[in-house]
Amino acid sequence: MMTTKNIILISLLAGSATTAWAAENVDLPATIGMTAYGTSSAGYSQMVSIGNLLRNEYGVSLRILPGENDVSRMTPLKTGRVPVCSCGIAAYYAAEGVLMFSEDNWGPQPVRVITTSIASFGLSIAVAGDIGVETPYDLKGKRISYIRGDDALNLGTEAMLAFGDLTWDDVERIDFPGYGRAFEGIVANQSDTAFTVSVAGGPQQLSASPRGISWLELDPEDTEGWERLRSVAPYFQPHRVTSGAGISKDEPWIGSSYPYPIIIANADADKKLVDGLIRVFTEDYDKYKDSAPGNAGYALENQNLNWVIPLHDVVVDYYKEIGHWTEDMQQHQDMLVQRQNILLDTWESYTKANPPADKEAFKKGWMTARAEALQAAGMNPVFR
């Protein structure tokens, strides 16, 4: 594999927006805007570490805009205020045009993956350690956090409830305005759970509190539980977690995970930007892998190249260049691109024929049109 070496200082013309530093095959702008999770999140910490690398190695400033929910993270990408989002699983919902993205001012988004992290961390519900909960089946009647405006976290919680054959009707829903407030609420004994990544600041805060922390055990052999979970959120997978609050290699948590963060850009994003970022994430891995919890997940061998969102075309070209691409991967990529195009075309024709006078009727009609278009192409709608 090539390495990023031989950094040379390039003089800038006054007022120029070109690269401040140049390295072999890396050509990045002087400033890159990015949205990310809130400042207490693992995703934010990881992007800070990447920002330090970009500044120190390339003279590039990474401007991170923290957002407490999906709306505040995805809107700047949609409007072009930033070219990159360090997102959660809302990136998948955006690509599919579901949940909040089924509304008339959203629709399916042409997002593409640059890279993802899936490492020793897990994603599930963190539970206050003083209520005796061990599995999702034990959540009945407990106070479960609901984050207003954050479909990703709420659907993750719903999936964990489904594993335990439960719904929101079986628990006491406690609403919070953001991710950080949910953990403050658990510590203050206002709620009992919050969906999170195991290495985030919120679980550490809870673990250090008088309530302590526990994690839901999801038995990989519980096929019915996993079937119910995946009927809600198909992107989850069983995972042996060794990093996080109250978790270690000696005391692992048998739980669940999916890639987080998911670094995305729109399909028409600047090719040099995408190419530079995938090279930095891949070739400079040894320089940042220990800089923040979860950074190990960006290693090339940890990339799932047959996942649920298409890769950016430039990323595919890069993997071909370094010999890390197969015919099976290409077939999967082609299918995902076809799926995305079907959704975008269906949205365009549906919105032209159905002005959103009644928002609920509009959403219902879109979900029907979406499912019919995917089924006609032999694809599973997943959401209905």
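Residues numbered from 1 in each chain as written. Predicted model: local features only at pLDDT ≥ 70, side-chain atom pairs only at ≥ 80, totals over all residues. Heavy atoms only, no water.

(A) Just the packing of aromatic side chains, in detail. Applying the stated criterion across every chain yields a total of 26 aromatic pairs. Pairing Y137 with F163 gives two aromatic rings, centres 6.1 Å apart and planes at 70°, and the pair type is edge-to-face. A residue pair is termed long-range when its members are at least 10 positions apart, and Y137 in the loop between β7 (123-128) and β8 (143-147) and F163 in helix α4 (residues 151-163) qualify at 26 residues. Assessed through its relative accessible area of 38%, Y137 is described here as partly exposed. Relative to Y288, the ring of Y285 has its centre 5.8 Å away and its plane inclined at 85°; by these criteria the two rings are edge-to-face. Of the two residues, Y285 and Y288 both sit in helix α9 (residues 285-288), three residues apart, roughly one turn of that helix. Neither residue differs from the other here; Y285 and Y288 are each classed as buried. (Phe/Tyr/Trp six-rings, centres within 6.5 Å; stacked < 30°, edge-to-face > 60°. Helix = DSSP H or I, 4+ residues; strand = E, 2+ residues; numbered from the N terminus. Buried < 20%, exposed > 50% of the residue type's maximum accessible area, 1.4 Å probe, protein only.)

(B) Fine view of the sheet that holds strand β5 (residues 84-87). Across the sheet, which stays open at both edges, the five strands sit in the order β4-β3-β5-β14-β6 with mixed pairing between neighbours. Lying at the two open borders of the sheet, with one neighbouring strand each, are β4 (61-66) and β6 (111-116). Strand-to-strand, the axes of this sheet are offset by a mean angle of 30°, without reference to chain direction. Relative to strand β14 (residues 262-266), β6 runs antiparallel, the two being bridged by five bridges. For T115, the partnering residue across the bridge sits in β14 and is I263. Sitting on the sheet, helix α1 (residues 42-58) touches β3 (31-36), β4, β5 and β14, and the angle it makes with β4 is about 165°. The strands that helix α2 (residues 70-79) touches are β3, β5, β6 and β14; relative to β5, the one it contacts most, it runs at about 160°. (Pairing = 2+ DSSP bridges. Axes fitted to C-alpha atoms, helices over the stretch in contact; angles between N-to-C directions. Contact = heavy atoms within 4.5 Å.)

(C) Spotlight on α1. Taking 1.5 Å of rise per residue, 17 residues should cover 24 Å, and α1 covers 24 Å from first to last C-alpha, within 8% of that figure. Every buried residue of α1 is listed here: A42, G43, Y44, Q46, M47, S49, I50, G51, L53, L54 and Y58. Downstream of α1 by a residue or two, G59 has a phi angle that is positive, lying close to 70°. (Expected span 1.5 Å × (residues − 1).)

As far as function goes, none of this settles anything; it's purely spatial.
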